[in-house]
Amino acid sequence: MAAKNGEVDRAERALVEQWRDMLALHARTQCELDRALHRHGLCASDFEVLDVLAESAADVTCGYRVQEIAERVHLSQSALSRLIARLEKDGLVERGLCAEDRRGVRVALTGEGRALHGDVLPVQRAVLTRMLAQPDVSSR
């Protein structure tokens, strides 16, 4: 029985170690993204919102509701609302009623937001490529 418990303990430790490695990779990648995007006046979360809106531009004629964006970028609705307000103040997104659906507020890229996204996209993708190329490199 002790051997079986030892195997369970090892398996559990390996699971926890794998989880912590994933968290560490996420944290390192987020920091690298923030550092690289800061030169463009953005943080990683800002870029994620712009990226989601840019991807949807062809499919969604009037943008996304805030709740729909929150599901894609994994921010709380209140944090996302503050982020969108800042992006709107910076002229990168606009909020408005959708002509096809007047029930809610939609968020869409402005021309300036689309241009900035296009400029910064290669920077973000390069950081992801570099950071995710060796995901097992831990800081231990």
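Before any of the text, the structure's been laid out above.
A quick note: this is a predicted structure, and the numbers were derived from the prediction, not measured. Every chain is numbered on its own, with residues counted from 1 as its sequence reads. Local features in this predicted model are restricted to residues whose pLDDT is 70 or higher, and side-chain atom pairs enter the listing and the counts only when it is 80 or higher, whereas totals over whole chains, interfaces and linings include all residues. In computing side-chain properties, one takes all heavy atoms of the structure into account and sets aside hydrogens as well as water.

Digging into the nonpolar core
- Counting residues in hydrophobic clusters, the biggest one holds 27 residues, and the most contacted among them are V49, L53, I69, L80 and V93.
- Each helix corresponds to a stretch of at least 4 residues labelled H or I by DSSP, and each strand to a stretch of at least 2 residues labelled E; elements are numbered beginning at the N terminus. Contributing elements (two or more residues each) for this core: α1 (2–38), α2 (44–56), α3 (66–73), α4 (77–89), β2 (101–109) and α5 (111–133).
- With residues up to four places along the chain from it excluded, the contact list for I69 reads V49, L53, Y64, L80, I84 and V107. By nonpolar core we mean a set of buried residues, namely Ala, Val, Leu, Ile, Met, Phe, Trp, Tyr and Cys, connected to one another through side-chain atoms within 4.5 Å. Only protein chains enter the calculation, and the probe is 1.4 Å; a residue is then buried if its accessible area is under 20% of its type maximum, exposed if over 50%, and partly exposed in between. Two residues qualify as a contact provided that any one of their heavy atoms is within 4.5 Å of a heavy atom in the partner residue.

Comments concerning the side chain of H117
- Relative to the elements of secondary structure, H117 occurs in helix α5.
- With residues up to four places along the chain from it excluded, the contact list for H117 reads F47, L50, D51 and A54.

Topic: a nonpolar patch on the surface
- The patches reported here contain residues having more than 30% relative accessible area and no salt bridge. Joining distances are 9 Å for like charges and 5 Å for nonpolar side chains (Val, Leu, Ile, Met, Phe, Trp, Tyr). Only the protein chains shown count as cover for residues, and the accessible areas themselves come from Shrake-Rupley with a 1.4 Å probe. Each salt bridge in this description consists of a side-chain nitrogen of Lys or Arg and a carboxyl oxygen of Asp or Glu lying within 4 Å of one another. Together, W19, M22 and L23 line one region of the surface with nonpolar side chains, adding up to about 330 Å² of accessible area.
- Within the element layout of this structure, M22 appears in helix α1.
- Looking at M22, the relative accessible area reads 47%, which means it is partly exposed.

Some thoughts on the packing of α2 against α4
- Interaxial angles span 0 to 180 degrees and are taken between N-to-C directions of axes, which are lines fitted to C-alpha atoms, for helices over the stretch in contact. One way to put it is that α2 packs onto α4 with a least axis distance of 11 Å and a crossing angle of 80°. It follows from the interaxial angle that α2 and α4 lie roughly perpendicular. Counted together, S45, D46, V49 and L50 of α2 and L80, L83, R86 and L87 of α4 form the full contact between these two elements.
- Here the residues of the contact of α2 with α4 sort into 5 nonpolar, 1 polar and 2 charged. Orientation is classified from the angle alone, with under 35 degrees giving roughly parallel, over 145 giving roughly antiparallel, 65 to 115 giving roughly perpendicular, and any other angle giving oblique. Ten residue types, Ala, Val, Leu, Ile, Met, Phe, Trp, Tyr, Cys and Pro, are classed as nonpolar, four, Asp, Glu, Lys and Arg, as charged, and the remainder, Gly among them, as polar.

Quick look at the environment of H74
- Tracing the backbone through its elements, the reader meets H74 in the loop between α3 and α4.
- Judged by relative accessible area, H74 falls into the exposed class, the value being 68%.
- Each C-alpha atom, one on H74 and one on S45, is 9.4 Å from the other, the two residues being 29 residues apart in sequence.

Comments concerning α5
- End to end, α5 covers 33 Å across 23 residues, agreeing with the expected 33 Å (1.5 Å per residue, within 8%).
- Bend, at a single residue, is the angle you get between axes fitted to the 7 residues ending at that residue and the 7 residues starting at it. At V120, α5 shows its strongest bend, of approximately 40°, with the proline P122 following within four residues.
- Regarding α5, the residues found buried are G113, L116, H117, V120, Q124, V127 and M131. Each residue after the first adds 1.5 Å to the expected span of a helix.

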